[in-house]
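Understanding the architecture of this molecule
For reference, the chains in residue letters:
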Amino acid sequence: MQYALLFYNPPLGSMPAPQRDTVVAEMLAEMHVWHEELERAGVFRTMLRLASVEAATSLRRNGDEVLVSDGPFAETKEILGGLAILECADLDEALAFAKRCPLARIGTVEVRPEWGTPR
Amino acid sequence: MGLDPSREALEAIVRDEAGLVLASLIASFGDFDLAEDALQDAVAAALESWPRDGVPQRPAAWLTVAARRRALDRLRHAAMRADKAEALRASEELRRSESATTEAGDDVTDERLRLLFTCCHPALSSEARVALTLRTLGGLSSEAVARAFLLPVATLAKRLERAKHKIRDARIPYRVPPQSDWVQRLGSVLAVVYLIFNEGYSATGAEPAARYSLCEEAIRLARMLTALLPRDGEAHALLALMLLHHARREARFADDGAFVPLDEQDRGRWRRDELREGLEALRIAASRERGAYQVQAAIAAAHALAPSGADTPWHTIAALYAELELLAPSPVVRVNRIVAVGRAHGPEAGLALLAALEDDDAARLLADYQPYYAARADLLRSAGRTEEAAAAYRIAIDLCRGEPERRFLAGRLAGLAPHGLDSLARGR
């Protein structure tokens, strides 16, 4: 069964640039190690790091037309920074890998099962 | 086949066996709803055929076989339905249950443990864990559970429904957790059992009969846990703690309904046999690793073993609370420790600790914590600072959630020295 791991983290924009670069570099290195662990376990499907919400564009229906607007769907304190898809036997297995994700230390990792797979 | 028993006797047998049967059905079908529906069908069949044919030698086995047959019928039926996803799910379950049936022995005991761990999974909300545990492993009806929690039956049903769907959709596994998660997961199970007990033990809310049934359910679940996990000290300790508290139920309230503190209770109304069982469970726990439940049970035992309220070993109790604070620090434990220190070393010692607590960040958490003001008021009263004591009693009274505490504190306030009575008149 596939589980989506959605990575929410506080925006890094408020941090001074040199410090931010260090944090990001460290995190990317740790994410690389985590990714290798997922590959070795055979559970890795895909992963995506997302650009900042300033690059987001949203579509909304308004009557008969669809409006295109700048920005994310919702403004929140923590932003969706990326996601991974894992193939796991059950929730416990997915949670075990999610717990070891370095991003779980700086933000929230939401684990969501795919819809409607038979057991 | 046995004698022809009454309908009440049949219903009692069914209630006793239902938890075991349900656990084994969930184990083989992996679906709470299907297992419950099938069990309900089997119970209806039993109540029809047992009065006629007699009660089978092994009622649980009879019910399991009957329920499994009903469940398979339901699945075969569903597998032929038009809805592709539902049909696919049903045939998967059918396949699963067929392989499970061949390997399923008589090991229903282990299945109850697996069911308990699933019901208390940390991915479920705390309310859902409590409701699910009571509903699937307890002997109470939905109506009884709803009554004890002062919830509409429909609200409870919705909560259960959501939890069962999450178990299915997120595929929360039905198994005893691995060693790496053991401590955390067992902690969650024990916490759920203790939550059930405390809901029954707290003097607020539903009427005593409904509340005591929750206490008894919690004790029954803890007994089951100690039987399934005989080497786990904290399970024995939790059982001890609950037995030692519950044994005092009839002495906890005066005739006018006022709460009676432990050292002023009529010890003749304590249940000696239950205290003995509690002390025995604590003795077993004490031979294992020491944990927070064991220390709490030791505190309850120190009260139970004192020959009279005046002989309460407050020095020992204060030391045990200090140990508990190291194991499970919280402002609530701190307040209890301060009360014990006040009794052991005098009110000034207690007030000094209270002052230190107020400087702490913890003070925010205590701002509307009734026992904090009650403890403060008692210490001030013992120190002879009547005016300040009266003020603290009034705050505590305003924060009371239940009538027993309100009556008890009002009694203390009224019992203050004469000018204490004056300020009561002025304050109200």
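Here the structure is shown first, and the text comes after it.
First things first, this report covers the structure right here in the doc. (Residues numbered from 1 in each chain as written. Chains lettered and ligands numbered in written order. Predicted model: local features only at pLDDT ≥ 70, side-chain atom pairs only at ≥ 80, totals over all residues. Heavy atoms only, no water.)

1. Observations regarding the packing of helix H15 (residues 331–345) of chain B against helix H18 (residues 370–382) of chain B
The geometry of a pair of packed helices is captured by two quantities: the angle between their axes and the separation between those axes. Residues and elements named next belong to chain B. Running from N to C, H15 and H18 cross one another at 15°; their axes reach a closest spacing of 10 Å. The orientation of H15 with respect to H18, classified from their angle, is roughly parallel. Of the two elements, H15 crosses H18, and the hand of that crossing is left-handed. Residue-level contacts link Val-335, Ile-338, Val-339 and Gly-342 of H15 to Pro-371, Tyr-372, Ala-375 and Leu-379 of H18. Tallied by class, the residues present in the contact of H15 with H18 amount to seven nonpolar, one polar and no charged. (Axes fitted to C-alpha atoms, helices over the stretch in contact; angles between N-to-C directions. Helix = DSSP H or I, 4+ residues; strand = E, 2+ residues; numbered from the N terminus. Parallel < 35°, antiparallel > 145°, perpendicular 65-115°, else oblique. Left-handed = near helix turned anticlockwise from the far one by under 90°. Contact = heavy atoms within 4.5 Å. Nonpolar A, V, L, I, M, F, W, Y, C, P; charged D, E, K, R; others polar.)

2. Regarding the interface of chain A and chain B
Listed per partner, the contact involves 14 residues of chain A and 17 residues of chain B. Taking both sides of the interface into account, the surface hidden between chain A and chain B amounts to around 1500 Å²; carbon and sulfur atoms contribute 49%. In this structure, Arg-175 of chain B engages Asp-90 of chain A in a salt bridge whose closest nitrogen and oxygen atoms are separated by 3.1 Å. Across the contact surface, chain A and chain B share six residue pairs in polar contact (both at pLDDT 80 or more). With four residues, the top contributor of residues to the side of chain A that touches chain B is helix H2 (residues 91–99) of chain A. (Buried area = accessible area lost by both parts, 1.4 Å probe. Salt bridge = Lys/Arg side-chain N within 4 Å of Asp/Glu carboxyl O. Polar contact = N/O pair within 3.5 Å; in protein donor to acceptor, adjacent residues only side chain to side chain.)

3. Here's the deal with the pairing of strand S1 (residues 2–9) of chain A
Residues and elements named next belong to chain A. With respect to burial, S1 is a largely interior element, six of its eight residues being buried. Judged from the eight bridges that link them, S1 and strand S5 (residues 79–87) form a sheet pairing that is antiparallel. Paired with Tyr-3 across the two strands is Leu-86, which belongs to S5. Note: S1 against strand S6 (residues 108–113), six bridges, orientation antiparallel. From the neighbouring strand, Tyr-8 faces S6, where its bridge partner is Thr-108. (Buried < 20%, exposed > 50% of the residue type's maximum accessible area, 1.4 Å probe, protein only. Pairing = 2+ DSSP bridges.)

4. Points about the pattern of salt bridges
For the structure on display, the rule yields 31 salt bridges over all chains. In this structure, Glu-325 of chain B engages Arg-334 of chain B in a salt bridge whose closest nitrogen and oxygen atoms are separated by 2.5 Å. Across the pair, Arg-334 of chain B and Glu-325 of chain B agree in class, each one buried. Each of Asp-90 and Asp-92 of chain A together with Arg-175 and Arg-185 of chain B takes part in salt bridges that share partners, so that together they form one network.

5. Quick look at helix H19 (residues 386–399) of chain B
With 14 residues, H19 of chain B should reach 20 Å at 1.5 Å per residue; the first-to-last C-alpha distance of 20 Å fits that figure. Within the sequence span of H19 of chain B, burial applies to Thr-386, Ala-389, Ala-390, Ala-392, Tyr-393, Arg-394, Ala-396 and Ile-397 of chain B. (Expected span 1.5 Å × (residues − 1).)

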